Amino acid sequence: MAHPKRKISKSRRDKRRTHLGLTPRNIAIDPTTGEPHLFHRAHWYEGKLYYRGKVVMEKEDAA
């Protein structure tokens, strides 16, 4: 196995990791309800599940 000959300094290690930062997620606005949601995700609004502006499913009432 390979072993480092010298200790990697903190600044050198951190320079290598600069590209690992998080980016904020994109938020979409539903055209029908106006609710913000994540892209390519269905979301609930007033008991209905919406995807791309269309109702996909309605919540069943537990009797």
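Residues numbered from 1 in each chain as written. Predicted model: local features only at pLDDT ≥ 70, side-chain atom pairs only at ≥ 80, totals over all residues. Heavy atoms only, no water.

**What to know about a nonpolar patch on the surface**
On the surface, Trp44, Tyr51, Val56 and Met57 cluster together into a nonpolar patch covering about 400 Å² of accessible area. Mapped onto the secondary structure, Trp44 falls in strand β3 (residues 43-45). (Patch = residues over 30% accessible without salt bridge, like charges linked within 9 Å, V, L, I, M, F, W, Y side chains within 5 Å. Areas by Shrake-Rupley, 256 points an atom, 1.4 Å probe, with all protein chains shown as cover. Salt bridge = Lys/Arg side-chain N within 4 Å of Asp/Glu carboxyl O. Helix = DSSP H or I, 4+ residues; strand = E, 2+ residues; numbered from the N terminus.)

**A few points about the environment of His19**
By the secondary structure assignment, His19 is in the loop between α1 (10-16) and β1 (27-29). A relative accessible area of 61% means that His19 is categorised as exposed. At 3.2 Å, the side chain of His19 and the backbone oxygen of Arg16 are in polar contact. (Buried < 20%, exposed > 50% of the residue type's maximum accessible area, 1.4 Å probe, protein only. Polar contact = N/O pair within 3.5 Å; in protein donor to acceptor, adjacent residues only side chain to side chain.)

**Remarks on the packing of aromatic side chains**
Enumeration according to the criterion identifies one aromatic pair in this entry. Lying across the ring of Trp44, Lys59 places its NZ or CZ 5.6 Å from the centre. (Phe/Tyr/Trp six-rings, centres within 6.5 Å; stacked < 30°, edge-to-face > 60°. Lys NZ or Arg CZ within 6 Å of the ring centre and 35° of its normal.)

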